[in-house]
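# Structural overview
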Amino acid sequence: MRTYLVTGGAGFIGSNYIHYMFKKYDNEIRIINVDVLTYAGNLENLKDIEDRENYTFVKADICDKEAISKIFAENDIDRVVHFAAESHVDRSIKHPEVFVQTNVLGTAVMLNCAKAAWELPDGTFKEGKKFLHVSTDEVYGSLPDDKNAFFYETSPYEPHSPYSASKASSDMLVKAYMDTYKFPANITNCSNNYGPYQFPEKLIPLIINNALQGKKLPVYGDGKNVRDWLFVEDHAKAIDMVQEQGRLFETYNVGGHNEKQNIEIINIIIDTLQEMLPADDPRRALVSKDLITYVEDRKGHDRRYAIAPDKIKAEIGWYPETDFATGIKKTIAWFFEHEDWMKNVTSGDYQKYYDDMYANK
Ligand code: NAD
Ligand code: TYD
């Protein structure tokens, strides 16, 4: 039975990945989820699988070398899937140091502990061990408004925000381990995800949540920045396929071929909410395009991200299966069914936690 060490599994993509993996492999795998539970980590995301015998949760910081080494010492880990990170650009602009700490130093600890556990006396690695580093297309910087310009695996790294700079640094560390030690790893650089369990600081869940309460819908700058949106389950599938079928030491870009301007996304969400809300639901009266409010632009706001997922399609056969119209309906339906989840993560307690965590950083 393969044993997975998943970092950041209580967050948005990590929890979707764990659900995906149990749905696919059921009792054929074991998953150990290590997460320190920042504001973004939420064990409620994993409630329906927490009692499985082949699932263990460990509350630990990936920067804590002792705690991470202990997990490797006590378990024969076959796969690492490394999600844990600070993931929000706006926070990184206000508090860059936390991003360096978790994203760079935390990745260094993960690499170091995996290497120590997997390396043989002759410097090669135990058969079949694999580390997958989950990264972002934001490391490549910003594309012009030109429909023919895409990010490729060979595109130069040109990160602009403290978030993308910290992710770029972590990618470089993984590359250094692969080049120096032939450490068995892959990197995936993915475009913007959306779907169930996404924290409502990111565009799509924020707009859904605000619209349903009749609150303003903040649009940064001119609203014409473009992101390439991928349904999170498609991303979970890509990660598994890369780890099992990809060539070791390779980077794979994972994208949705679904470029949209932010203002288009907001309009689609409002239209879809109006279509999906029952006629007698009082929230119908609140959801309106009048809520759209243009606000000051994000500092250093990247204009456009777009991935051409040619390599992963050609080599592995992965492609984004969920079109945006379907994915956004599934996402909205999930939020309708999980009102308490949204209430809990936006409560006063959460706000206090946030303030404490980022104080002075
Ligand atoms: P998230 O913020 O929802 O979740 C991050 C998780 O990591 C949380 O559960 C948090 O508690 C945990 N964590 C944070 N610091 C930790 C630490 N020091 N030790 C242990 N756990 C820690 O993030 P997400 O959106 O799920 O993103 C997951 C990964 O995917 C990140 O590496 C991110 O850079 C990458 N990524 C995200 C997107 C996206 O659109 N969300 C796109 C491409 C790549
Ligand atoms: P976000 O979800 O924060 O993802 P990222 O910055 O990693 O791409 O933002 C997506 C886009 O939406 C980005 O161009 C910034 C913009 N945005 C808004 O216009 N308003 C908002 O309230 C937020 C959170 C984002």
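To be clear, the structure that these remarks concern was listed above.
Now for a description of the structure that goes with this document. Only a predicted model underlies this, so the values are computations on that prediction, with no experimental measurement involved. (Residues numbered from 1 in each chain as written. Chains lettered and ligands numbered in written order. Predicted model: local features only at pLDDT ≥ 70, side-chain atom pairs only at ≥ 80, totals over all residues. Heavy atoms only, no water.)

### Focus: the pattern of salt bridges
Heads up, the rule is: Between Lys or Arg on one side and Asp or Glu on the other, a salt bridge is scored when a side-chain nitrogen of the former is within 4 Å of a carboxyl oxygen of the latter. Here a strand is any run of E in DSSP of at least two residues, a helix any run of H or I of at least four, and the numbering for each starts at the N terminus. Residue exposure (1.4 Å probe, protein chains only): buried if accessible area is under 20% of the type maximum, exposed if over 50%, otherwise partly exposed.
Within the structure shown, the criterion is met by 23 salt bridges. Glu244 is paired through a salt bridge with Arg2; the nearest N and O atoms lie 3.7 Å apart. In this pair, Glu244 sits in helix H7 (residues 232-245) while Arg2 sits in strand S1 (residues 2-7), placing the two residues 242 residues apart along the sequence. In this structure Glu244 comes out as partly exposed when scored by relative accessible area, which is 25%. Residue Arg2 is classed as partly exposed on the basis of its relative accessible area, which comes to 25%. Notably, a salt bridge pairs Asp90 with Arg298, separated by 2.6 Å at the nearest N-O pair.

### Digging into the environment of Arg2
The criterion, for reference: Whether two residues are in contact is decided by their heavy atoms, any of which lying within 4.5 Å being enough. Within 3.5 Å is the distance limit for a polar contact, defined as a pair of N or O atoms, with the added protein rule that one can donate a hydrogen and the other accept it, and that residues adjacent in sequence qualify only through two side-chain atoms.
C-alpha separation for the pair Arg2 and Pro200, spaced 198 residues apart in sequence, amounts to 34 Å. Aside from chain neighbours lying at most four places away, what touches Arg2 is Tyr25, Glu28, Ile29, Arg30, Asp78, Arg79 and Glu244. Within the structure, Arg2 has its side chain in polar contact with the side chain of Tyr4 (distance 3.2 Å).

### Thoughts on the nonpolar core
Test applied: Within this scheme, the nonpolar core is defined by two criteria: the residues are buried Ala, Val, Leu, Ile, Met, Phe, Trp, Tyr or Cys, and they are joined through side-chain atoms within 4.5 Å.
Grouped together as the largest cluster of nonpolar side chains are 67 residues, with contacts concentrated most on Tyr17, Ile18, Ile31, Ile204 and Leu273. For this core, the element with the most residues is helix H1 (residues 12-25), which contributes 8 residues. Apart from the residues within four sequence positions on either side, Ile31 is in contact with Tyr4, Val6, Ile18, Met21, Phe22, Asn54, Tyr55 and Thr56.

### Some points on the site of ligand 2
Under the convention used in this document: Note on definitions. A residue lies near a molecule or strand when any single heavy atom of the residue is within 4 Å of it. Amino acids are sorted into nonpolar (Ala, Val, Leu, Ile, Met, Phe, Trp, Tyr, Cys and Pro), charged (Asp, Glu, Lys and Arg) and polar (every other residue, Gly among them).
Looking at ligand 2, there are 17 residues lining it, with Glu138, Pro218, Arg227, Arg298 and His301 nearest. The side chain of Glu138 places a nitrogen or oxygen atom 2.6 Å from an oxygen atom of ligand 2. At the level of elements, helix H6 (203-212) and strand S8 (217-220) are the ones that each hand at least two residues to the shell around ligand 2. No other element matches the 3 residues that S8 contributes to the shell around ligand 2. Partitioned by chemical class, the residues of the shell around ligand 2 number 7 nonpolar, 5 polar and 5 charged.

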